[in-house]
Amino acid sequence: MTQGDGEFDSLVRQRIRGLRVAQGWSLDELATRARLSPSTLSRIENGQRRLALDQLFTLARALDTTLDQLVETATDDVISSPVIDAARRLMRWPVRADPGMSVVRRRLTDPPPDSPSRMRAHPGREWFVVLSGTAVLLLGNRRFRVETNQAAEFPTMVPHAIGTAGGPCEILGISDRDARRGHQRDDESTGGAGGPSS
């Protein structure tokens, strides 16, 4: 076995024990759920027994996770840098675990549009939290003030726009794949002039 194999083995064993402890289960409780003997489970956790695929699958199910998550090795790429879009005054981070999701940090300086024709509607859902200042969310014919540390979540099929309430504000938003694509199409059709809408 190579050193890399040993590190992988150790990582998987730590995850099994860590997930068991996080659930508040004893060795006996997890062994019962996984249909293993407590001594077998103890040897798996302590590195005294070879990791077998069928046992890992059973343990993953008993721990309410997937085999992929239990044996995932991509722990080196913990830190990521944003893609910066200076024209729209935003930073975007893709979510590795779900490539359809992206996180956006945006500084808003303009109030929301006064014309309903400048509001957008497209498939998807969005969520944002106000980091500083006060945001105004127009959602259909409703107007919401979203203060610092408050969050808003809404379906983007409803015409919507986000702006500020009197001064700059910063928001951190999460968009699903459909919402992100909807905004990309809007930007293309307007030549990249996204305005203050979300």
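Residues numbered from 1 in each chain as written. Predicted model: local features only at pLDDT ≥ 70, side-chain atom pairs only at ≥ 80, totals over all residues. Heavy atoms only, no water.

Colleague: Help me understand the sheet that holds strand β3 (residues 102-108) in this model?
Modeller: Sheet strands associate in pairs through backbone hydrogen bonding, adopting either a parallel or an antiparallel arrangement. Spatial ordering of the open sheet is given by β1-β2-β3-β9-β4-β7, a layout of six strands whose pairing is antiparallel. Pairing within the sheet leaves two strands with one partner each, and these edge strands are β1 (83-85) and β7 (151-155). Averaged over all pairs of adjacent strands, the angle between strand axes in this sheet comes to 20°, irrespective of strand direction. In terms of strand pairing, β3 meets strand β9 (residues 169-175) through seven bridges, oriented antiparallel. Note on β9: the bridge partner recorded for Ser 102 is Ser 175. (Pairing = 2+ DSSP bridges. Helix = DSSP H or I, 4+ residues; strand = E, 2+ residues; numbered from the N terminus. Axes fitted to C-alpha atoms, helices over the stretch in contact; angles between N-to-C directions.)

Colleague: Looking at this model, I keep getting lost on the packing of helix α2 (residues 27-34) against helix α3 (residues 38-46). Mind explaining?
Modeller: To describe two helices that pack against each other, one gives the angle between their axes and the distance between the axes. For the pair α2 and α3, interaxial distance at closest approach is 8 Å and the crossing angle is 105°. For the element pair α2 / α3, the angle class is roughly perpendicular. Residues Leu 27, Asp 28, Leu 30 and Ala 31 of α2 form the contact with α3, whose own contacting residues are Pro 38, Leu 41, Ser 42 and Glu 45. (Parallel < 35°, antiparallel > 145°, perpendicular 65-115°, else oblique. Contact = heavy atoms within 4.5 Å.)

Everything listed here is a matter of geometry and, on its own, says nothing about what the molecule does.
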